[in-house]
Amino acid sequence: MTYEQEQSKTYRVLSIGAHPDDADTSAGGLLWKLKEKGWEVRLLSLTDGSAGMYDVHRCGAQLAAIRTEEAARSGALLGGRYDVWDISDARLTASIENRERLIRYIREFRPDLIVTNRPGDYHPDHRNTALLVADASYLLTVPAVCADTKAMETMPVILYWSDSFQRPYPCQPDVIVPIDDYEEKILQLACCHESQYFDWLLWPDRMDHRDWPREKQIDELRTRYRASARKHRSKVAKQLEEHLGELQAAKVEAVEYYEICEFGEPLSDELRRILEE
């Protein structure tokens, strides 16, 4: 690729989650940053979110429709599509059928970067999402696999968003993204998912919060997000100083961090600068 082609290229990022709200709120600062840099943002939920409700009478097709509509609102804020597959919530498997469906989807969008969750996770849908992305990664470049969709010449870079799980090993902060300017925007994404954040996630220990005014619910969610971003900042304090210098690092209060998946394309110095600056 010539320098002129490189400068005019539209970069693409695909965030893949198991449920509507995973792909955006887990990487919201990074996605907003890339959107503002001119990247095309695409989000994908591999299941329909249809089981995430304490009221079983609202689960199924009715809830799936609600979750799909909420995801579309979040995707619109990021200037892109938020696709939701028709696989039932809590029933995602790392089958060959789902793998090949994902290979075709990724090839059609042709992202430069994929972000997703790590394999070591409490939820089977989350684990199988990570496994499907890993299983698809190399096969994206194999022409005889899913031969009806043009193979990619190189794999995308793949990053895992952070989590708190310790086994088999803690998440490694390979890429650190300052998000001070994006905290309210991440909150906007979360607030699109009303059925998730102001209903389902209150079950069963905080059901009294369902009756709070929406403004108070949002303020509580803001407090949780801010605390998480500052906890991440504390964890990577030394690396942030090494990267930015002590004076510049001191100005950063909130970060997201990501682990590099070794199954994807190696992260170039140029892409690292785009992500971390």
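Residues numbered from 1 in each chain as written. Predicted model: local features only at pLDDT ≥ 70, side-chain atom pairs only at ≥ 80, totals over all residues. Heavy atoms only, no water.

Q: I'd like a rundown of the nonpolar core, residues and numbers included.
A: Side chains that are nonpolar tend, in soluble globular proteins, to be buried together. If you look at the biggest cluster of nonpolar residues, it comprises 32 residues, and the most contacted ones within it are Leu34, Trp39, Leu113, Val115, Leu159, Tyr258 and Leu275. For this core, the secondary structure elements donating two or more residues are α3 (28-36), β2 (40-45), β4 (113-116), β5 (157-161), β6 (175-178), α7 (183-192) and α12 (269-276). Looking at which element gives the most residues to this core, the answer is α3, with 4 residues. Apart from the residues lying within four places of it in its own chain, the contact partners of Trp39 are Tyr11, Arg12, Val13, Leu34, Leu113, Leu271 and Ile274. Counting residues in hydrophobic clusters, the runner-up holds 24 residues, among them Leu14, Ile106, Ile114 and Cys261. (Core = buried A, V, L, I, M, F, W, Y, C linked by side-chain atoms within 4.5 Å. Buried < 20%, exposed > 50% of the residue type's maximum accessible area, 1.4 Å probe, protein only. Helix = DSSP H or I, 4+ residues; strand = E, 2+ residues; numbered from the N terminus. Contact = heavy atoms within 4.5 Å.)

Q: Tell me about unusual backbone geometry, and name the residues and values.
A: The amide bond that connects Arg167 to the next residue, Pro168, takes the cis arrangement and shows omega of 5°. Tracing the backbone through its elements, the reader meets Pro168 in the loop between β5 and β6. Put simply, Trp203 and Pro204 share a cis peptide bond, and its omega is -5°. Inspection of the secondary structure puts Pro204 in the loop between α8 (194-197) and α9 (214-235). Of note in this structure, Asp21 is not a glycine but carries a positive phi near 105°. For Asp21, the location among the structural elements is in the loop between β1 (12-17) and α2 (22-25).

Q: Which residues make up the packing of helix α4 (residues 61-77) against α7, and what values do they have?
A: For the pair α4 and α7, interaxial distance at closest approach is 8 Å and the crossing angle is 155°. Our classification of the angle between α4 and α7 gives roughly antiparallel. Crossing hand, α4 versus α7: right-handed. From α4, Glu70, Arg73, Ser74 and Leu77 reach across to α7, where they touch Gln188, Leu189 and Cys192. Looking at the contact of α4 with α7, its residues break down into 3 nonpolar, 2 polar and 2 charged. (Axes fitted to C-alpha atoms, helices over the stretch in contact; angles between N-to-C directions. Parallel < 35°, antiparallel > 145°, perpendicular 65-115°, else oblique. Left-handed = near helix turned anticlockwise from the far one by under 90°. Nonpolar A, V, L, I, M, F, W, Y, C, P; charged D, E, K, R; others polar.)

Q: Please provide a residue-by-residue account of the state of the cysteines, values included.
A: All told, the structure shown has 0 disulfides when counted by the stated rule. Free cysteine: Cys192, not disulfide-bonded; nearest cysteine sulfur from Cys191 at 7.5 Å. (Disulfide = S-S within 2.5 Å.)

Q: Describe the environment of Tyr54, naming the residues involved and giving the relevant values.
A: Along the chain, Tyr54 turns up in the loop between β2 and α4. Sequence-wise, Tyr54 and Val255 are 201 residues apart; in three dimensions their C-alpha atoms are separated by 33 Å. When sequence neighbours within four positions are dropped, the list of residues in contact with Tyr54 reads Asp199, Trp200, Trp203, Met207 and Arg210. A polar atom in the side chain of Tyr54 sits 2.9 Å from the side chain of Arg210. (Polar contact = N/O pair within 3.5 Å; in protein donor to acceptor, adjacent residues only side chain to side chain.)

Q: Describe in detail the environment of Ile218, supporting the description with residues and values.
A: Mapping Ile218 onto the fold places it in helix α9. For Ile218 and Gln188, which are 30 residues apart along the polypeptide, the C-alpha to C-alpha distance reads 9.5 Å. Excluding its chain neighbours within four sequence positions, the residues that come into contact with Ile218 are Leu187, Cys191 and Phe198.

Q: Explain the packing of α3 against α12 to me, and be specific about the residues and the numbers.
A: In the contact formed by α3 and α12, the axes pass within 9 Å of each other and the chain directions differ by 105°. By the angle between their directions, the pair α3 and α12 is classed as roughly perpendicular. Along the contact surface, α3 presents Leu30, Lys33 and Leu34, while α12 presents Ile274, Leu275 and Glu276. Its residues assigned to classes, the contact of α3 with α12 comprises 4 nonpolar, no polar and 2 charged.

Q: Describe the side chain of Arg233, listing the residues and the values that go with them.
A: Relative to the helices and strands, Arg233 resides in helix α9. The buried charged residue Arg233 lacks any salt bridge partner; its closest oppositely charged side chain belongs to Glu241, at an N-O distance of 5.7 Å. Residues in contact with Arg233, not counting those within four places in the same chain, are Leu240, Ala249, Ala250, Val252, Glu253 and Val255. (Lys, Arg positive; Asp, Glu negative; His and termini not counted. Salt bridge = Lys/Arg side-chain N within 4 Å of Asp/Glu carboxyl O.)

So, to be careful, I would describe these as geometric facts and stop short of saying anything about function.
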